[in-house]
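Per-entry structural report
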Amino acid sequence: MMLTKGAKMYEGKAKILYETDNPDRVIQYFKDDATAFNAQKRGTILDKGVVNNKISAAMFKYLEAQGIATHFVEPLSDREMLVKRVQIIPLEVTIRNIVAGGMAKMLGIEEGLVLKQPVFEYHYKSDALGDPLINDDHALALGMATEQELRLIRERSFQVNDALKAYFAKRGIDLVDFKLEFGRHKGQILLADEISPDTCRFWEQGSRRKLDKDRFRRDLGGVEEAYQEMLKRVVG
Ligand code: UDP
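Figured I'd write up the structure that's included with this text. In every chain, residue numbers begin from 1 and rise along the written sequence. Only residues with pLDDT of 70 or above have their local features reported here, since the model is predicted, and side-chain atom pairs are shown and tallied only from 80 upward, although totals for entire chains, interfaces and linings are computed over all residues. Side-chain figures throughout are based on the complete set of non-hydrogen atoms in the structure, without hydrogens or water.

**Concerning a nonpolar patch on the surface**
A patch consists of residues exposed above 30% relative accessible area that lack any salt bridge, with like charges linked at up to 9 Å and nonpolar side chains (Val, Leu, Ile, Met, Phe, Trp, Tyr) linked at up to 5 Å. Calculation of accessible area relied on Shrake-Rupley with a 1.4 Å probe; when residues are assessed, cover is drawn exclusively from the protein chains displayed. For salt bridges, the criterion is a side-chain nitrogen of Lys or Arg within 4 Å of an Asp or Glu carboxyl oxygen. Residues Met-106, Leu-107 and Leu-133 make up a contiguous nonpolar surface patch of roughly 290 Å² in combined accessible area. Mapped onto the elements, Leu-107 comes out in helix H2 (residues 101–107). Buried, partly exposed and exposed residues are distinguished by accessible area as a fraction of the type maximum, computed with a 1.4 Å probe on protein chains only: under 20%, between the cut-offs, and over 50%, respectively. With relative accessibility at 48%, the residue Leu-107 sits in the partly exposed group. In DSSP terms, a helix is any run of H or I states spanning at least four residues, a strand is any run of E spanning at least two, and both are numbered starting from the N terminus.

**What about the sheet that holds strand S6 (residues 72–75)?**
Paired through backbone hydrogen bonds, the strands of a sheet run either parallel or antiparallel to each other. Strand order in the open sheet formed by five strands is S1-S2-S3-S7-S6, and the pairing between neighbours is antiparallel. Of all strands in the sheet, those with a lone pairing partner are strand S1 (5–11) and S6, marking the two edges. For this sheet, the mean inter-axis angle between neighbouring strands, taken without regard to orientation, is 30°. Between any two strands, at least two bridges found by DSSP are needed for them to pair. Taken together, the five bridges between strand S2 (residues 15–20) and strand S3 (residues 25–30) define a ladder with antiparallel strand orientation. Bridging from a neighbouring strand, Ile-16 pairs with Tyr-29 of S3. Against the sheet, helix H1 (residues 48–65) touches S3, S6 and strand S7 (80–84), its axis set at about 40° to S7. Lines fitted to C-alpha atoms define the axes, with helix axes restricted to the stretch in contact, and inter-axis angles between N-to-C directions lie between 0 and 180 degrees. Only heavy atoms enter the contact rule, under which two residues are in contact if any of them lie within 4.5 Å.

**Looking at the site of the ligand**
Looking at the ligand, there are 15 residues lining it, with Arg-96, Gly-102, Asp-177, Arg-201 and Arg-217 nearest. Arg-96 places a side-chain nitrogen or oxygen 2.7 Å from an oxygen atom of the ligand. What qualifies as a polar contact is a pair of N or O atoms within 3.5 Å, subject to a donor-acceptor requirement within protein and to the restriction that residues adjacent in sequence count only when both atoms come from side chains. Between the ligand and Arg-217 there is a distance of 2.9 Å, counted from an oxygen atom to a side-chain nitrogen or oxygen. Burial of the ligand by the surrounding chains reaches 77%, relative to a free accessible area of 500 Å². Looking at the shell around the ligand, the elements that each hand over two or more residues are strand S9 (91–98), H2, strand S12 (173–185) and strand S14 (200–204). Three classes are used, and their members are as follows: Ala, Val, Leu, Ile, Met, Phe, Trp, Tyr, Cys and Pro are nonpolar, Asp, Glu, Lys and Arg are charged, and the others, Gly among them, are polar. Grouping the constituent residues of the shell around the ligand by class yields three nonpolar, four polar and eight charged. We call a residue near a molecule or strand when any one of its heavy atoms sits within 4 Å of it.

**With respect to the side chain of Ser-157**
On the secondary structure map, Ser-157 appears in helix H4 (residues 147–169). Once residues lying within four places of it in the same chain are set aside, the contact partners of Ser-157 are Val-93, Ile-95, Phe-120, Phe-178, Leu-180 and Phe-182.

Dropping the structure here:
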C-alpha cells in the first residue's frame, strides 16, 4: 500500500481520523472507548474497536454492492479503514423499525412495538445540545443542507434500511433502529461514519436479547460478548 499515515486530524468519542499523504483519503481508527448519555457515562469495551471496524467494513462493502455510495475504500488493519475524506453534514439520521430508546421516551411508548412503517428522523449533530430532534425545515432554514441533499439522504437512508434489515434478518437479528451520517465528497453525497453495534440496535430474533450498545448504556452485562456475537454473525 503506497500510503503514509499522517497527523491526527480529529479525535471523537469512538474514533480517530488521521490524514494521509493523499488529501482525498483519511484513515479512520476505531477505539475501545464507549460513551453514552452525551458522554456523561464513559467506559471501555474490550476490542470494540476491532469489532466495529470489521462490521462497518463489511456493511459498507455490502451497501456498495447494493448501489449505495459510501466513503469506504478498503480495510487497513484490525482497527483501521481507509475512507474518502468527506465534509460531514451535521445531521444524524435515524431510521426506526421497532420502538426503542429516544422514541419510546419521547412518546411514552413501551419498547418493542413493531412500527407500521419505518420512521425517519433528523437530529442536529451537537453534543452540547444532546443531538436534538429537528425536521427538514430546520435543516434547510439553517443552511445545514440543501433540498436536493435532503431528498437524496432520505432516499438513500430508506435503501440502507431495506438492505440492512434483509442482511441481518438472514443472520437471526432484528434491526430495531440505527443512525447514519452522510458527507460531501467532490460534489457527491456519501454514506460515512460507521455502521456497528454502537450505532444500531440489534435484537436477537425471538428472544429479543440485546446485542448492541444498550448493554453498556443500561449496565446489562455481557457487553463484550454481545459485540463478539454480532461480529460472528456478520463474518461467520
Ligand atoms: N445513535 C447513535 N448516536 C447517537 C444517538 C443515537 O448512534 O448519538 C443510535 C442508537 O444507537 C440507536 C439509534 O441511533 O441505534 C436511535 O437512537 P435514539 O434516538 O433512540 O437515542 P438513544 O436512545 O440512543 O439516546
